[in-house]
Amino acid sequence: MTVQDDIIAKTKEYVKNTLKGAEGGHDWWHALRVWKMACRIAEEEPADRLVVELAALLHDIADSKFHDGDEEVGPRKAVAFLRQWDVPDETVKHVEMIVRNVSFKGGNEASSFGSKELDIVRDADRLDAIGAIGIARTFNYGGYKNRELYNPEIKPNLNMTKEAYKASTSPTINHFYEKLLLLKDRMHTKTGRALAEQRHRFMEQFLDEFYDEWDGKR
């Protein structure tokens, strides 16, 4: 086993143990899917593979949604874990910046940091937020927060600030318009854009079926 394989194995074990019992849309399996997709994209998009894999595994190690909105917990835990091992300082800092910047925050907030590795991990994370798995994760989280499935009297808010997005308690269907359907056009890699097309179409088909069933047409 190479040194790189060893740290990846240790990171997988750490993430799996840390996220044991987490909400089903942000658990170990989510981290594993994002890692697999990031590896797939990295095969076609040249990048620092160690940074990509570590950042993909650690990107949701402490999602701020489950830590009273504190966006420092995740980067801090990622860095503290990596400092235990023989990981180059520049790699640790790069992973930290990806963890800080990977999440969709609403409000059209622009990131001040950019790298090919961030593009890859962010696209992998966003792909897991759309399509069949994205739909399942969205309703799982809505149930976790005891939100309405749909309320035709509450319209999606497409102009939320970052703070309003974080504080939103709107019905789960609104989340499709406030985030999920926006992601196809916010992919950064060629592979991510290609894969997003089918997942996006599947969500549109789901919504068409949902509204027809809601209105008793089917």
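Scroll up to find the structure.
Predicted, not measured: the structure shown is a model, and the values here were computed from it.

Explanation requested: unusual backbone geometry in the structure shown.
Both trends apply: most residues other than glycine have a negative phi, and most peptide bonds are in trans. Backbone geometry at Asn146 places phi at a positive 55°, although glycine is not the residue there. For Asn146, the location among the structural elements is in the loop between helix 7 (131-144) and helix 8 (162-167). We classify Asn146 as exposed; its relative accessible area is 71%.

Quick question: what am I supposed to make of helix 3 (residues 49-58) here?
The α-helix winds at 3.6 residues per turn, so residues separated by three or four positions along the chain end up facing the same way. In terms of burial, helix 3 is a largely internal element, nine of the ten residues being buried. Turning to helix 3, its buried residues number three or more, namely Leu50, Val51, Val52, Glu53, Leu54, Ala55, Ala56, Leu57 and Leu58. Check the buried side of helix 3 and you find it contacts helix 1 (3-18), helix 2 (28-44), helix 4 (73-82), helix 5 (89-101) and helix 6 (116-127). In this structure Asp48 caps helix 3, since a side-chain oxygen of it lies 3.2 Å from the backbone nitrogen of Leu50.

Help me out: how do you make sense of the nonpolar core in this one?
One recurring pattern in soluble globular proteins is that nonpolar side chains are buried together. Val15, Leu54, Leu58, Leu82, Val95, Ile130 and Phe176 are the most contacted members of the largest nonpolar core, which has 57 residues in total. Looking at this core, the elements with two or more residues in it are helix 1, helix 2, helix 3, helix 4, helix 5, helix 6, helix 9 (172-178) and helix 10 (190-214). Broken down by element, the residue count for this core peaks at ten residues, all from helix 2. Sequence-distant contacts of Leu54, that is, excluding residues within four places in its chain, are made with Ile7, Ile8, Thr11, Leu82, Val87, Thr91 and Val95.

What counts and how
Residues numbered from 1 in each chain as written. Predicted model: local features only at pLDDT ≥ 70, side-chain atom pairs only at ≥ 80, totals over all residues. Heavy atoms only, no water. Helix = DSSP H or I, 4+ residues; strand = E, 2+ residues; numbered from the N terminus. Buried < 20%, exposed > 50% of the residue type's maximum accessible area, 1.4 Å probe, protein only. Contact = heavy atoms within 4.5 Å. Polar contact = N/O pair within 3.5 Å; in protein donor to acceptor, adjacent residues only side chain to side chain. Core = buried A, V, L, I, M, F, W, Y, C linked by side-chain atoms within 4.5 Å.

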